Amino acid sequence: MSSNADTAYKLVLLSLSLSLSLSAVGDLLLLCGVIVLLQGVCGCPEKCRCHSSSHSVDCSQQGLAEIPSDLPPQTLTLHLQDNQIQQLPAFAFRSVPQLTTLNLCNNSLSNLAPGAFQGLHHLKVLNLTQNSLHSLESRLFHSLPQLRELDLSSNNITHLPTSLGKVWENLTVFAVQQNQLQQLDRALLESMPSVRLLFLKDNLWKCNCHLLSLKLWLEKFIYKGGITDSVICASPDTWKGKELLKIPHELYQPCPFPSLDVGSLRGQQLGSAHQPVPKPPESHSTGERDHPECELKPKPRPANLRHAVATVIITGVVCGIVCLMMLAAAIYGCTYAAVTAQYHGGRLAQTNEPVKMEGKELYDSSPA
Ligand SMILES: *[C@@H]1O[C@H](CO)[C@@H](O)[C@H](O)[C@H]1NC(C)=O
Ligand SMILES: *[C@@H]1O[C@H](CO)[C@@H](O)[C@H](O)[C@H]1NC(C)=O
Ligand SMILES: *[C@@H]1O[C@H](CO)[C@@H](O)[C@H](O)[C@H]1NC(C)=O
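Throughout what follows, the structure given in this document is the object of discussion. (Residues numbered from 1 in each chain as written. Chains lettered and ligands numbered in written order. Predicted model: local features only at pLDDT ≥ 70, side-chain atom pairs only at ≥ 80, totals over all residues. Heavy atoms only, no water.)

1. Comments concerning the environment of Leu-80
Condition: Only DSSP runs of H or I covering at least 4 residues are called helices, and only runs of E covering at least 2 are called strands; the numbering of each starts at the N terminus. By definition in these notes, contact holds between two residues if any of their heavy atoms fall within 4.5 Å.
By the secondary structure assignment, Leu-80 is in the loop between strand S3 (77–79) and strand S4 (87–88). Separated by 23 residues in the primary sequence, Leu-80 and Val-57 place their C-alpha atoms 8.7 Å from one another. Residues within four places of Leu-80 in sequence aside, it is in contact with Cys-59, Leu-64, Ile-67, Pro-68, Ile-85, Phe-93, Leu-102, Asn-103, Leu-104, Cys-105 and Asn-107.

Set out below in C-alpha cells:
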C-alpha cells in the first residue's frame, strides 16, 4: 500500500519534471525561433553594410537592379547610389518607414511609380541626381511632407509639375540644374516658401514671356537672401547665352491671356488637383510649336507706335489747353487795356479841355 503510494508519488514527480523540462525546451525553442526571426527581420541584406548605431544601411556600388527586400525596418539612412536601379514600384520603401535620408544618385531611374515614395512621412533628404528621369508628377511628392532637400540635378527632366497641390513648408534646397527644362512655373516655387538654395543652371531656359514671372520671383528671392546660380537663356536666339536676371523687364511683352480649356487640360495631364495659375498654351508640347506672340521682342514696335499715338494725343490736348489759356489771357489783357485806356482817355480828355480851351482861346484869340 505504502509502496504503491510511493510509486504514484514518484510517477507524479517524474511527469511533473518531464513536463517542466519539456516546457523549458519549448521556451528555449520559442526563444530560438524569435531570435532567428529577429535576425531575419533585422539582419542586413546580403549586398549591404549595416551600421546599427547610426541606423544607416549602405548598399552603394553593388550593381543592384532593385531595392533590397530585407532592409532593417528601423533604417534612417539608406545609400543606394551607384547601382543600376531602373524603376521604383509603388510603395518601394514600405519596409523602411522611418527613413529620413534616401540617396538614389547615379542609378538608371527613368520611371517612378506615382506612389513610389508613399509612406515615407519622415523623409528629409531625397537625392535623385544622375538618373534618367524625364518628368515628374506632383503626386509623387504628396507623401513627403517633411522634405527639406530635393536634388533632381543631372537628369533629362523636360517639365516639372505646375504646382505641388500643397505646400512644402520645410523644403530649403531645390536643385534641378543640368536638365532639359525650358520653363519653371512660379506656382511651383511659391509652394516652397522656405527654400533658400535653388540650383537652376544648365537647362534649356526659353526666355519668353513665361520666364518673366520666374525672373520677378528670383529677384524677390535674392533680395530676401536666397542663393541661386544663374539662369542662362538657351532660346530665343536674341537672348541665347544671356542671363535672365540681366535682361531688362521692359523687353518682355506680357503673355497673352491664357485660354482656360488648355490650362485645365494641362492640369489633368499632370494630375494636379489645383491649378491656381493656369499655364498658357505651350504645353502638350513637342515644344517646337512656337507662339510668336509670346516671344520676347527686342524692339516691340507696336507698343512704341501706341506710345507715339498716345504722346501725340496728350501733347495736342495740352497744347490746346495752353492755347485757350493764352487766348483767354490775351482777351483779358486787351479788354483791360481797352478799359484802362478809356478811363485814362476820359481823364485826359477832362484835363486836356482847358488846354484845348486855352488853345481854342489861343486860336480863337489869334485871329482876333
Ligand atoms: C556611377 O555608378 C557606376 C556603377 O554603377 C560607377 O562605375 C560610376 O563610377 C558612377 N559614376 C559616378 C560619377 O560616380
Ligand atoms: C546628392 O548627391 C550628389 C552626389 O553624391 C551630391 O553632390 C549632392 O550634394 C547631393 N545632394 C544633396 C541635396 O544632398
Ligand atoms: C516642418 O518642420 C517642423 C519642424 O520640424 C514640423 O513641426 C512641421 O510639422 C513640418 N511641416 C510639415 C508639413 O511636416
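Resuming the write-up.
2. Some words on the site of ligand 3
What counts is decided by this rule: Here a residue is near a molecule or strand as soon as one of its heavy atoms is found within 4 Å of it. For this analysis, a polar contact is any N or O atom pair within 3.5 Å, provided that within protein one partner can donate a hydrogen and the other can accept it, and provided that sequence-adjacent residues contribute only side-chain to side-chain pairs. Using a 1.4 Å probe, accessible areas were evaluated by the Shrake-Rupley method; residue-level cover was limited to the displayed protein chains. Residues were grouped as follows: Ala, Val, Leu, Ile, Met, Phe, Trp, Tyr, Cys and Pro as nonpolar; Asp, Glu, Lys and Arg as charged; and all remaining residues, including Gly, as polar.
As a matter of local geometry, ligand 3 sits amid Pro-145, Gln-146, Arg-148, Glu-169 and Asn-170. Gln-146 is positioned such that a nitrogen or oxygen atom in its side chain is 3.4 Å from an oxygen atom of ligand 3. Contact with the protein chains hides 49% of the accessible area of ligand 3, taken as 360 Å² for the molecule alone. For the shell around ligand 3, the class distribution of residues is 1 nonpolar, 2 polar and 2 charged.

3. Looking at the site of ligand 1
Around ligand 1 sit Asp-82, Gln-84, Asn-106 and Gln-130, and those are all the residues in its vicinity. Between ligand 1 and the protein, one listed contact pairs an oxygen atom with a backbone N or O atom of Asp-82 at 3.4 Å. Within the side chain of Gln-84, an N or O atom sits 3.1 Å from an oxygen atom of ligand 1. With the chains in place, 42% of the 360 Å² that ligand 1 exposes on its own is no longer accessible.

4. Some words on the packing of aromatic side chains
As a reminder, the rule being used: Paired rings are identified among Phe, Tyr and Trp, the last through its six-membered ring, by centres lying within 6.5 Å, and are further divided according to the angle between planes into stacked (under 30 degrees), edge-to-face (over 60) and tilted (the rest). Type-normalised accessible area, obtained with a 1.4 Å probe on protein chains alone, sets the label of each residue: buried when under 20%, exposed when over 50%, and partly exposed for intermediate values.
Scanning the model with the defined rule gives 3 aromatic pairs in all. Centroid distance Phe-93 to Phe-117: 6.2 Å. Interplanar angle 10°. Geometry classified as stacked. Within this pair, whereas Phe-93 is found in the loop between S4 and strand S5 (101–103), its partner Phe-117 is found in the loop between strand S6 (111–112) and strand S7 (125–127), the two being separated by 24 residues in sequence. The class for Phe-93 is buried, based on a relative accessible area of 1%. Judged by its relative accessible area of 0%, Phe-117 falls in the buried class. Note on Trp-217 and Phe-221: the rings are 4.9 Å apart at their centroids and 15° apart in plane angle, and the pair reads as stacked. Of this pair, Trp-217 and Phe-221 both sit in helix H3 (residues 209–223), separated by 4 residues, roughly a single helical turn.

5. Looking at the nonpolar core
Keep this limit in mind: The nonpolar core is taken to be a set of buried Ala, Val, Leu, Ile, Met, Phe, Trp, Tyr and Cys residues, with the residues joined through side-chain atoms within 4.5 Å.
Among the nonpolar cores identified, the biggest contains 61 residues, and Leu-88, Phe-93, Leu-102, Phe-117 and Phe-174 are the most heavily contacted of them. Among the elements of the structure, helix H2 (186–190) and H3 are those that each provide at least two residues to this core. It is H3 that provides the largest number of residues to this core, a total of 6 residues. Aside from chain neighbours lying at most four places away, what touches Phe-117 is Leu-88, Phe-93, Leu-102, Leu-104, Leu-112, Leu-126, Leu-128, Leu-140, Ser-143 and Leu-144.

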